[in-house]
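Examination of the molecular architecture
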Amino acid sequence: MNSYKNVQIIRWTVIITSFIIVTLILWNTYVFFQKFKTEERAKMEILAGAYERFSSFDLNADFSLEDKIIGKNNNIPMIITNEKDSITLWANLDSTKIKKTAYLEKQLALMKDQNPPVTVSHTRGNTKQLIYYRDSDLLTKLKYYPIALILILFLFASVIYLFFKSNKIADQNKLWTGMARETAHQIGTPLSSLLGWIEILRLENTDESTVQEIENDVNRLNTIAERFSKIGSIPVLKKSNIVKATSNAFNYLKSRSSKQVIFNFKTTNSEIFAEINLQLFSWVIENLIKNAIDSMEGKGKINLSITEDSKNVKIKIADTGKGIPKHLQQKIFSPGFTTKKRGWGLGLSLAKRIIEDYHNGKIAVLKSELKKGTTFLIVLKK
């Protein structure tokens, strides 16, 4: 418990520290942006002063400083207009688009939105000009830097979240695997005793049909125990007769279900072979049939059909139950999702994992209508 609290404290410390660091970076970026913006404004005001000096027409004056000031402006895009707002001069714009009037007008509108103009007053003729300008490329990049930083941090946080989540899921899987294997181990001891009692019943000339049914159930328990013991390990696939494996699972549940449930089994061929793990595949069939029986509340019809083509085996399991709403048909395979009042919501998710991950096949809801029934489809490669 203490280790869990320590992990929580470390996690929140990292989160709060990261938040503080990001806040400081964003604040400093804002301060730098405002400082550079002020400096660019000052440069444009100095530039305006240089233009005013040039307009004095004093031929004896030294304009070398003003010329240097004007020549140094090579990074701030600007447009100069007269009092009637007609463009008279521009600098640091895209030279390939200058000839297009619409381009200059668009740039002028952008500059008017970004910054107030700087006035150039000409003493001779008592006229004035307006210098419009927009942020330099450096300032523009600095403006978008916080956004890029936030996106990077968001991606980094997402990676950390997914990492912790995957670790948590891995720990949960280890727990479930351990519990499953321990359950299989615990079941093994009474199973051995039951097999011994079956032999004693035979020696005492107990009715063979009764003994056979008991033996079938004990073998069934043994199969379940083996399934549990294999959870968490990669199953071994062997070439098996799909029809026989499906039929055995089908008939087992048929013999132990209500007589109000009608079972129909059809196949195009008595032998269709594929690479499967017999125990896990049988479990999937049994799970789907049990779900069908639950959906029909113990009364209805279950149709199971097996067909094949040159590449695949197709198994359809149809019931006449209550059906699955369309908006839930994609969710039913998610771990923990269930529509039953009692249930873990693991059956269909495990079935999907067995068919798709272990057998490289597909399982899906082929069709479903409310109050009419549902059809599941399993596709396996031959």
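Residues numbered from 1 in each chain as written. Predicted model: local features only at pLDDT ≥ 70, side-chain atom pairs only at ≥ 80, totals over all residues. Heavy atoms only, no water.

In this section: the overall build of the protein chain. Along the protein chain, the regular secondary structure elements total eight helices and eleven strands. Put simply, the protein chain has 382 residues, and 32% of those count as buried. By sequence separation, contacts in the protein chain at least 24 residues apart represent 65% of the contacts at least 6 residues apart. Put simply, the protein chain shows about 25200 Å² of open surface, and 59% of that area lies on carbon and sulfur atoms. (Helix = DSSP H or I, 4+ residues; strand = E, 2+ residues; numbered from the N terminus. Buried < 20%, exposed > 50% of the residue type's maximum accessible area, 1.4 Å probe, protein only. Contact = heavy atoms within 4.5 Å. Areas by Shrake-Rupley, 256 points an atom, 1.4 Å probe, with all protein chains shown as cover.)

An α-helical turn contains 3.6 residues, so a residue and the one three or four places further along point in the same direction. When the terminal C-alpha atoms of helix H3 (residues 101-114) are compared, their 20 Å separation across 14 residues agrees well with the 20 Å that a helix rising 1.5 Å per residue should span. Taken as a whole, H3 has its buried residues at Tyr 103, Leu 104, Gln 107, Leu 108 and Met 111. The arc that holds the buried residues of H3, viewed along the axis, is 135 degrees, so those residues lie on one side. In H3, the exposed positions angled more than 90 degrees off the buried face are occupied by Thr 101, Ala 102, Lys 106 and Asp 113. (Expected span 1.5 Å × (residues − 1). Arc of directions from axis to C-beta.)

Turning our eyes to something else, we now look at the sheet that holds strand E3 (residues 118-122). Taken in spatial order, the four strands line up as E2-E1-E4-E3 in an open sheet, and their pairing is antiparallel. Two strands lie at the open edges of the sheet, namely strand E2 (87-91) and E3, each paired on one side alone. Within the sheet, the average angular offset between the axes of one strand and its neighbour, ignoring direction, is 20 degrees. As defined by bridge partners, strand E1 (residues 78-81) adjoins E2 across four bridges and the pair is classed as antiparallel. Directly across from Met 78, in E2, lies its bridge partner Ala 91. Contacts from H3 reach E1, E2 and strand E4 (127-133) within the one sheet, and its direction differs from that of E1 by about 95 degrees. (Pairing = 2+ DSSP bridges. Axes fitted to C-alpha atoms, helices over the stretch in contact; angles between N-to-C directions.)

A separate point is the packing of helix H7 (residues 278-295) against helix H8 (residues 347-358). Relative to each other, H7 and H8 sit at 145 degrees, their axes nearing to 10 Å. In this structure, the crossing between H7 and H8 has a hand that is left-handed. Contacts between H7 and H8 pair Leu 280, Phe 281, Trp 283, Val 284, Asn 287, Leu 288 and Asn 291 from the former with Gly 347, Leu 348, Leu 350, Ala 351, Ile 354, Ile 355 and Tyr 358 from the latter. In terms of residue class, the contact of H7 with H8 is built from eleven nonpolar, three polar and no charged. (Left-handed = near helix turned anticlockwise from the far one by under 90°. Nonpolar A, V, L, I, M, F, W, Y, C, P; charged D, E, K, R; others polar.)

The next thing to look at is the packing of helix H6 (residues 242-255) against H7. Their axes nearest at 9 Å, the elements H6 and H7 cross at an angle of 45 degrees. By the angle between their directions, the pair H6 and H7 is classed as oblique. Seen from above, H6 lies across H7 with right-handed handedness. Of the residues in H7, those touching H6 at Ile 242, Ala 245, Thr 246, Ala 249, Phe 250 and Leu 253 are Leu 278, Phe 281, Ser 282, Ile 285, Glu 286, Ile 289 and Lys 290. Class assignment for the residues of the contact of H6 with H7 results in nine nonpolar, two polar and two charged. (Parallel < 35°, antiparallel > 145°, perpendicular 65-115°, else oblique.)

Turning next to the nonpolar core. One finds Phe 281, Ile 285, Ile 289, Ile 302, Ile 315 and Ile 378 to be the most contacted residues of the largest nonpolar core, which totals 40 residues. Looking at this core element by element, the count peaks at eight residues for H7. Those residues within four positions of Ile 289 in sequence are excluded, and the remaining contacts are Phe 250, Leu 253, Phe 263, Ile 302 and Leu 304. In this structure, Tyr 51, Ile 76, Val 118 and Ile 131 belong to the second largest nonpolar core, which totals eleven residues. (Core = buried A, V, L, I, M, F, W, Y, C linked by side-chain atoms within 4.5 Å.)

Reading across the sheet, the five strands line up as E6-E8-E9-E11-E10 and stay open at both edges, with mixed pairing between neighbours. Looking at the sheet topology across the chains shown, the edges are occupied by strand E6 (261-267) and strand E10 (362-369). Strand after strand, the sheet turns through a mean of 15 degrees between neighbouring axes, direction not considered. As paired strands, E6 and strand E8 (residues 300-308) are joined by seven bridges and run parallel to one another. Bridge pairing in E8 places Ile 262 opposite Lys 301. Contacts from H6 reach E6, E8, strand E9 (312-319) and strand E11 (373-381), with the element oriented near 170 degrees to E6. This element, H7, spans E6, E8, E9, E10 and E11 of the sheet and lies at about 25 degrees to E9.

Our next topic: the side chain of Glu 40. Relative to the assigned elements, Glu 40 resides in helix H1 (residues 2-54). Buried within the structure, Glu 40 lacks any salt-bridge partner; Lys 43 is the closest side chain of opposite charge, at an N-O distance of 6.2 Å. Residues in contact with Glu 40, not counting those within four places in the same chain, are Ile 76, Arg 134, Asp 135, Ser 136 and Leu 139. (Lys, Arg positive; Asp, Glu negative; His and termini not counted. Salt bridge = Lys/Arg side-chain N within 4 Å of Asp/Glu carboxyl O.)

With that settled, the discussion passes to a nonpolar patch on the surface. A cluster of nonpolar side chains, contributed by Trp 12, Ile 15, Ile 16, Phe 19, Ile 20 and Leu 24, occupies part of the molecular surface with about 650 Å² of accessible area. In this structure, Leu 24 sits in helix H1. (Patch = residues over 30% accessible without salt bridge, like charges linked within 9 Å, V, L, I, M, F, W, Y side chains within 5 Å.)

Let's shift gears to the packing of aromatic side chains. By the definition in use, this model includes four aromatic pairs. Look at Phe 250 and Phe 263: their rings are 5.4 Å apart centre to centre, the planes differ by 80 degrees, and that puts the pair in the edge-to-face class. Remark: Phe 263 occurs in strand E6 and Phe 250 occurs in helix H6; sequence separation between them is 13 residues. The pair formed by Phe 250 and Phe 263 is uniform in burial state, with each residue classed as buried. (Phe/Tyr/Trp six-rings, centres within 6.5 Å; stacked < 30°, edge-to-face > 60°.)

Another point: the environment of Leu 370. Looking at the element boundaries, Leu 370 is found in the loop between E10 and E11. On the basis of relative accessible area, Leu 370 is assigned to the exposed category, the value being 55%. With 44 residues separating them along the chain, Leu 370 and Lys 326 place their C-alpha atoms 9.0 Å apart. Not counting chain neighbours up to four residues away, the residues in contact with Leu 370 comprise Lys 322, Gly 323, Ile 324 and Pro 325.

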